[in-house]
Amino acid sequence: MDLVWRDSLDSLAFSPDGRTIATVGYARDQDSSPGWTVRLWDVTRNKVRKELDRSEEMHGLSYSADGKAIATAARRSD
């Protein structure tokens, strides 16, 4: 999977070391099932390192200062 997001991109953040980009949005592309997804992109290899599918509608994310954690902002559906 190349460093391309073909659908709704709601937020992105660079890791503190600049080697990873985290993205969140609604994915409908051919490489994943439809739904809200957090992807961690390896900038140097131009590839997805990890993909996390979520049922919650997400609109934001942020790295911790040390880059070891990512927080997401979700919208409650109830």
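That block above? That's the structure.
Residues numbered from 1 in each chain as written. Predicted model: local features only at pLDDT ≥ 70, side-chain atom pairs only at ≥ 80, totals over all residues. Heavy atoms only, no water.

J.: Explain the environment of Ala-13 to me, please; I cannot follow it from the model alone.
T.: Positionally, Ala-13 belongs in strand 1 (residues 8-14). The class of Ala-13 is buried, set by a relative accessible area of 13%. Separated by 49 residues in the primary sequence, Ala-13 and Ser-62 place their C-alpha atoms 6.1 Å from one another. Once you skip the residues sitting within four places of it in the chain, Ala-13 turns out to touch Thr-20, Ile-21, Ala-22, Leu-61 and Tyr-63. (Helix = DSSP H or I, 4+ residues; strand = E, 2+ residues; numbered from the N terminus. Buried < 20%, exposed > 50% of the residue type's maximum accessible area, 1.4 Å probe, protein only. Contact = heavy atoms within 4.5 Å.)

J.: Sorry if this is basic, but what is going on with the side chain of Thr-20 here?
T.: Mapped onto the secondary structure, Thr-20 falls in strand 2 (residues 20-27). For Thr-20, the contacting residues outside a window of four places in its chain are Ala-13, Phe-14, Ser-15, Leu-40, Trp-41, Val-43, Arg-49 and Tyr-63.

J.: In this structure, what is going on with the sheet that holds strand 2? I would like to understand it.
T.: Hydrogen bonds between backbone atoms are what pair the strands of a sheet, whose relative direction is either parallel or antiparallel. Within the open sheet, the 4 strands sit side by side as 1-2-3-4. Their pairing is antiparallel. Edge positions in the sheet fall to strand 1 and strand 4 (47-54), since each of these pairs with one other strand and no more. Here the average twist between neighbouring strands, direction ignored, is 20°. Where strand 1 meets strand 2, 6 bridges bridge the pair, whose relative direction is antiparallel. By the bridge assignment, Ser-11 is partnered in strand 2 with Val-24. (Pairing = 2+ DSSP bridges. Axes fitted to C-alpha atoms, helices over the stretch in contact; angles between N-to-C directions.)

J.: Help me understand the pattern of salt bridges in this model?
T.: For side chains of opposite charge, pairing can occur when their charged atoms come near one another. According to the stated counting rule, one finds 4 salt bridges in the structure shown. Residue Arg-49 pairs with Asp-42 through a salt bridge whose shortest N-O separation is 3.3 Å. The class of Arg-49 is partly exposed, set by a relative accessible area of 49%. You can call Asp-42 buried: its relative accessible area is 8%. Ionic contacts of the salt-bridge type, sharing partners, join the residues Asp-42, Arg-45 and Arg-49 into one network. (Salt bridge = Lys/Arg side-chain N within 4 Å of Asp/Glu carboxyl O.)

Worth remembering: the numbers are spatial, not functional.
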